[in-house]
Structure formats: C-alpha cells, structure tokens
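Structural description and commentary
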Amino acid sequence: MSHKFRHTIGGRTHGFATLAEVMARATPERSGDRLAGVAAGTAEERAAAQAVLADLPLKTFLSEALVPYEKDEVTRLIVDTHDAAAFAPVSHLTVGDFRDWLLSDMATEEALTDLRPGLTPEMVAAVAKIMRNQDLILVARKCRVTTAFRGTVGLPGRLSTRIQPNHPTDDVNGIAASILDGLMYGAGDAVIGINPATDNVAQAIRLNRLMADIIDQYQIPTQSCVLTHVTNTLECIEAGAPVDLVFQSIAGTEEANASFGFSLKDLAEAREAALSLKRGTVGENVMYFETGQGSELSAGAHHGLDQQTCEVRAYAVARHFEPLLTNTVVGFIGPEYLFDGKEIARAGLEDHFCGKLMGVPMGCDVCYTNHAEADQDDMDNLMTLLGVAGVTFIMGIPGADDIMLNYQTTSFHDALYLRRALDLRPTPEFDDWLAGMAILDSDAGFRLASDVPEGFANSLRRLPQDA
C-alpha cells in the first residue's frame with residue numbers, strides 16, 4: 001500500500017495511507033479504536049501520526065471528506081453550511097498552529113464565537129488529538145455558549161443540572177419523590193428529563209403531563225423532557241401534550257442515525273413542531289441531544305473512522321438545530337469503547353472541548369457501567385475537571401445510581417459539591433426561584449434550607465396516578 005503521509009522517528013519511518021488513518025492513529029489510546037482495528041499499534045506510531053497531523057493545513061479538511069459527500073447527509077450538512085468568511089482568520093494555519101492559536105491570548109471569547117461557523121468537526125477533532133488534558137480544559141473554559149428556554153443556560157459562573165428521576169416502572173410517586181429530592185438540592189435548572197421505562201407515545205404523554213403539572217404548579221423556571229424517540233415526541237405534540245424539549249440520541253454518520261431510526265429531516269420537523277407550541281419564556285432553544293463515543297462503531301456505521309472523530313461529527317448535527325442542551329453520555333456504552341477511568345476522563349474532556357469549540361451547549365453525563373475498570377472516584381475527578389473547564393450541565397440522580405438504566409453517574413449531592421467547590425450557581429432564573437421558595441439562602445452562599453418548604457412535598461405526593 002502506498003503511503004500518502006509519512007513521519008520519521010528515531011530512524012524509523014511510519015507511513016499512513018489516508019487522512020482517516022492519520023486521524024485514527026493519532027488518537028489517544030482507547031479500547032473502541034482497538035476493537036475497530038484502527039488504533040495505533042505502538043506509542044511511537046501514535047506520536048508519528050500526531051506529528052503528521054500537526055503539520056497538516058486546516059484547509060485539508062475542506063477538500064478531503066472522511067465520509068463521502070454523496071453517501072452521507074451529515075457530510076453534506078458539514079460541507080454545505082461551512083462559512084468560509086468565518087474560517088478566514090485561521091485558514092492559513094496548520095493543525096499544530098491552530099492549537100497554539102487556541103491556547104494564546106488572541107483566542108478570546110469573542111474570537112472563538114466568531115470562528116464557530118468556520119470550523120468543521122474534522123478540524124476540531126484533529127486539534128483535540130494533539131492537545132493535552134490541560135489544553136482541552138483551558139480552551140473549553142474560554143468558549144461561551146448560551147441558550148435559553150425558561151432559564152438561561154451557559155452563563156459565566158453558572159453550572160446547571162438535569163434532574164433524571166428515572167423509575168423502573170415509571171411510578172408517578174417514585175418519579176415525584178426524585179424530582180422533589182433534586183429540587184431540594186438546588187438541581188433541575190437544565191431540565192427535568194425522564195428516560196421512560198415503557199417507551200411508547202401514551203406513556204410519553206403521561207410523563208409530559210406529570211412534569212408540566214409540577215412546573216406549572218410551582219412556576220419553576222425550568223423545562224421538561226421525556227427522552228423518547230423523536231417520532232414519538234412528534235406524535236405527543238400532535239396529541240396536544242405539553243412538550244417543552246424534543247429529545248434524540250444522535251451520531252456522526254447518516255448510517256448510524258438511520259440505525260437510531262431518524263434522519264435530519266425528522267429533526268427539522270420535530271423542531272418546527274416544538275417551536276410552534278411557544279412554551280419558552282426567555283428563549284426558544286427546543287432541542288435536547290445526547291451523544292457518546294462508540295455509537296457509530298456499535299452500529300457498524302463508522303466508515304473506518306476513529307470513534308472520537310465520529311463523535312465530533314455528531315456535534316455538527318447538534319449545532320445545526322440550535323439545541324438548549326447537548327451532552328455526551330461519556331462512559332455509558334461500556335469498557336468495549338472506553339476501558340477504564342483514564343480513557344473515560346480523556347473522552348469526556350475531548351467531547352466537552354470539541355462541542356464547546358463548535359458552539360454546542362455542552363454538558364456531560366459523567367458515568368460508567370459496572371463492568372468498566374472505573375469507580376466513583378474516577379467520576380469525581382472527571383466531574384471536577386469538567387467543572388474547571390466550564391461544563392454547561394451535569395446529571396443529577398438519587399444516589400448517583402440509575403436504577404432503571406443500570407449505570408453509575410452523578411448525584412444531586414455531587415452537583416452541590418461542584419457548585420460549592422468552584423463557586424458556581426444555577427441559572428439566574430432558577431437561582432431566584434430557589435430563594436423565593438426558601439430552598440436556598442441567597443444571602444449565605446449556596447446554602448440549602450434544612451426543611452422542606454411547607455406544603456411543597458405534600459402536594460407533590462398527592463399527584464394523581466394518571467397524571
């Protein structure tokens with residue numbers, strides 16, 4: 001095989017046939033790429049690929065599509081929406097130069113904001129591959145992505161949380177108890193989002209009404225979401241359900257998204273339907289997306305690419321539909337893709353950096369499966385690093401243990417720790433609501449009330465079973 005790209009280290013020349021091969025071999029080690037057969041065989045080969053990548057002009061990614069334009073609607077979206085004028089300030093740079101520029105004082109919040117439409121996901125994935133963890137943290141911290149629905153998410157000095165009140169039988173009382181628990185910890189300003197145990201339209205309507213009743217009764221400046229398939233949500237809207245946000249798991253190739261049962265046209269239709277309801281009060285970002293490294297490989301739809309590059313292509317899909325929230329469920333698929341705590345941490349920092357740089361409101365489900373070589377200390381470390389990096393939101397689940405989805409993530413207490421340790425607050429609207437409900441003492445830092453406000457818990461418990 002002829003080698004288009006070469007680099008010599010210590011007298012040994014390493015050759016790479018394609019741009020996709022360079023990208024894959026340059027990626028920090030992870031089990032998913034080994035499983036796919038695209039990972040570097042040695043640390044020396046990885047360093048050689050990173051050197052090749054650092055010397056590549058950023059313009060290379062505009063002329064060499066990693067997934068063919070004619071075969072993939074995600075590629076077509078990336079190419080057709082690229083803004084050449086926004087790209088111009090960095091168009092003369094190599095990938096290595098781009099890294100240096102991102103770390104420099106020239107890369108201000110304003111400059112990074114202006115640059116977003118000019119960056120393709122492949123450019124962003126490439127520069128991430130030659131950055132240290134501290135680089136990913138520093139640059140992500142400079143990126144500001146602000147969105148709004150009933151609250152304003154992503155402002156400086158703020159950390160939002162999703163209450164994830166999942167229940168193995170979708171029991172209304174169990175869900176309501178989890179919501180109350182989260183609210184009493186100051187959680188829930190990003191979204192109250194339920195993964196239904198029984199995933200059908202009737203159940204989605206029921207759960208949407210349950211959350212709408214709670215939000216309306218207490219005038220909570222947050223939004224709700226049932227994490228069901230986008231086509232189910234469309235049917236819910238058509239049936240008159242009080243839908244705030246439209247959810248969908250997304251991937252970075254058309255074939256992978258087809259395995260999830262949707263196309264970009266479906267997302268556009270659902271977004272327009274949700275906008276037509278006009279349920280937002282301070283903004284109209286109505287989409288909620290989740291991603292995760294390895295989904296394209298698990299669907300057999302990665303086109304020979306490494307999993308991190310595929311993941312960043314998913315952020316191009318997210319960016320196009322202007323979501324309120326997007327998060328990487330970083331360790332959810334399992335050790336076949338991210339083997340241990342170190343690989344999970346690296347992937348989480350990569351995903352957050354890449355999403356933010358592209359202009360996506362990026363959060364992270366800091367999580368792992370029980371058969372991974374990871375534990376809650378690893379999650380504490382990653383959560384803290386992401387907090388320093390300015391992560392938009394994290395999950396909040398009773399006890400950090402999702403008893404419906406059977407994985408380990410972050411708790412309401414974890415979010416409280418992060419806010420206190422890094423002096424972060426919820427969204428301004430939610431902050432005011434917490435103080436007004438006597439859940440938060442606004443004059444004493446982020447100090448929570450010791451008692452449930454009178455009537456708050458009792459009325460939640462009286463929610464009807466057919467809500």
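Look a little higher up for the structure.
One structure accompanies this document, and this report is about it.

Conventions used here
- Residues numbered from 1 in each chain as written.
- Predicted model: local features only at pLDDT ≥ 70, side-chain atom pairs only at ≥ 80, totals over all residues.
- Heavy atoms only, no water.
- Helix = DSSP H or I, 4+ residues; strand = E, 2+ residues; numbered from the N terminus.
- Rg over C-alpha atoms; globule rule 2.2 N^0.38 Å.
- Buried < 20%, exposed > 50% of the residue type's maximum accessible area, 1.4 Å probe, protein only.
- Contact = heavy atoms within 4.5 Å.
- Areas by Shrake-Rupley, 256 points an atom, 1.4 Å probe, with all protein chains shown as cover.
- Lys, Arg positive; Asp, Glu negative; His and termini not counted.
- Charge placed at Lys NZ, Arg CZ, Asp CG, Glu CD.
- Axes fitted to C-alpha atoms, helices over the stretch in contact; angles between N-to-C directions.
- Parallel < 35°, antiparallel > 145°, perpendicular 65-115°, else oblique.
- Left-handed = near helix turned anticlockwise from the far one by under 90°.
- Nonpolar A, V, L, I, M, F, W, Y, C, P; charged D, E, K, R; others polar.
- Phe/Tyr/Trp six-rings, centres within 6.5 Å; stacked < 30°, edge-to-face > 60°.
- Core = buried A, V, L, I, M, F, W, Y, C linked by side-chain atoms within 4.5 Å.
- Salt bridge = Lys/Arg side-chain N within 4 Å of Asp/Glu carboxyl O.
- Pairing = 2+ DSSP bridges.
- Disulfide = S-S within 2.5 Å.
- Right-handed = clockwise from strand over helix to strand, strands pointing away.
- Arc of directions from axis to C-beta.

Okay, the overall build of the protein chain next. A tally of helices and strands in the protein chain yields 22 helices and 16 strands. Since a compact globule built from 467 residues should have a radius of gyration of about 23 Å, the 22 Å found for the protein chain is in line with a globular shape. In terms of its C-alpha atoms, the protein chain occupies a principal-axis envelope of roughly 75 × 45 × 45 Å. Burial analysis of the protein chain (467 residues in total) assigns 61% to the buried set. For the protein chain, restricting intrachain contacts to residue pairs at least 6 apart in sequence, the fraction spanning at least 24 positions comes to 77%. Surface summary for the protein chain: the accessible area is close to 17,200 Å², and the carbon and sulfur share equals 49%. In the protein chain, 37 side chains carry a positive charge and 64 a negative one; their mean positions are 4 Å apart.

Where helix H1 (residues 19-26) contacts helix H3 (residues 43-55), the axes come no closer than 7 Å and their chain directions differ by 125°. One finds that H1 runs oblique with respect to H3. Crossing of H1 over H3 shows left-handed handedness. Taking contact as the criterion, the partners of Val22, Met23, Arg25 and Ala26 in H1 are, on H3, Glu45, Arg46, Ala49, Gln50, Val52 and Leu53. Of the residues that constitute the contact of H1 with H3, the class distribution is six nonpolar, one polar and three charged.

Moving on to the packing of aromatic side chains. For the structure shown, the criterion picks out seven aromatic pairs. Seen in terms of ring centroids, tyrosine 288 and phenylalanine 393 are 6.3 Å apart; in terms of plane orientation they differ by 70°. Their pairing is edge-to-face. Residue tyrosine 288 is found in strand S9 (residues 287-291), and its partner phenylalanine 393 is found in strand S12 (residues 393-396); the two are separated by 105 residues along the sequence. An identical accessibility class is assigned to tyrosine 288 and phenylalanine 393; each is buried. Ring pairs connect the aromatic residues Phe247, Tyr288 and Phe393, which therefore count as one cluster.

A separate point is the nonpolar core. With 141 residues, the main nonpolar core has Leu53, Phe98, Leu267, Tyr288 and Phe353 as its most contacted residues. The leading source of residues in this core is helix H12 (residues 201-218), at nine residues. Once residues within four sequence positions are removed from consideration, leucine 53 is found in contact with Val22, Met23, Ala26, Phe61, Val95, Ala126, Lys129 and Ile130.

Attention now goes to H1. With eight of its eight residues buried, H1 lies for the most part within the structure. Among the residues of H1, Leu19, Ala20, Glu21, Val22, Met23, Ala24, Arg25 and Ala26 are the ones counted as buried. Its buried side turned inward, H1 meets strand S1 (5-9), strand S2 (12-16), H3, helix H4 (60-63), helix H9 (121-129) and helix H17 (307-320).

This part takes up the side chain of threonine 427. Within the secondary structure layout, threonine 427 lies in the loop between helix H20 (412-422) and helix H21 (428-436). When sequence neighbours within four positions are dropped, the list of residues in contact with threonine 427 reads Thr152, Val153, Arg158, Ser160 and Asp189.

Once that is clear, we can look at the pattern of salt bridges. In the structure shown here, the tally under the stated rule is 22 salt bridges. For the salt bridge of glutamate 254 with arginine 76, the shortest nitrogen-to-oxygen distance reads 3.8 Å. Taken together, the residues glutamate 254 in helix H14 (residues 254-259) and arginine 76 in helix H5 (residues 73-80) connect sequence positions 178 residues apart. On the basis of relative accessibility, which here comes to 26%, the residue arginine 76 falls in the partly exposed class. Note that arginine 313 is salt-bridged to glutamate 122, the shortest N-O span being 2.9 Å. Note that arginine 313 is positioned in helix H17 and glutamate 122 in helix H9, a separation of 191 residues in sequence. Grouping residues by exposure puts arginine 313 and glutamate 122 together as buried. Salt bridges sharing partners connect three or more residues here, namely Glu21, Arg25 and Glu45.

Attention shifts here to the pairing of S9. The two faces of a sheet get side chains in turn, since along a regular strand they alternate between them. S9 sits mainly inside the fold: five of its five residues count as buried. Across the two faces of S9 the burial is the same, with Met287, Phe289 and Thr291 and Tyr288 and Glu290 all buried. As defined by bridge partners, S9 adjoins strand S10 (residues 325-329) across four bridges and the pair is classed as parallel. The residue of S10 that forms the bridge with phenylalanine 289 is threonine 326.

A few words now on the state of the cysteines. All chains considered together, the criterion is met by zero disulfides. Cysteine cysteine 236 is unpaired, with the sulfur of cysteine 225 as its nearest cysteine sulfur at 10 Å.

It is worth spelling out the pairing of strand S11 (residues 362-365) at this point. Burial along S11 is two-sided: the face carrying Met362 and Cys364 and the face carrying Gly363 and Asp365 are both buried. In the sheet, S10 pairs with S11 via four bridges, with the strands oriented parallel. Within S11, the residue paired with threonine 326 across the bridge is methionine 362. Crossover connection from S10 via helix H18 (residues 341-358) to parallel S11: handedness right-handed.

Once that is clear, we can look at H21. Buried within H21 are the following residues: Phe430, Asp431, Trp433 and Leu434. Seen from one end, H21 has its buried residues packed into an arc of 165°, which puts them on one side. Away from the buried face of H21 by more than 90 degrees, exposed residues Asp432 and Gly436 are located. Phi turns positive one or two residues past the end of H21, at alanine 438, with a value near 65°.

Within the fold, threonine 233 resides in helix H13 (residues 230-238). Residue threonine 233 is classed as buried on the basis of its relative accessible area, which comes to 3%. With 90 residues separating them in the primary sequence, threonine 233 and cysteine 143 have C-alpha atoms 31 Å apart. Those residues within four positions of threonine 233 in sequence are excluded, and the remaining contacts are Val226, Thr228, Val243 and Val246.

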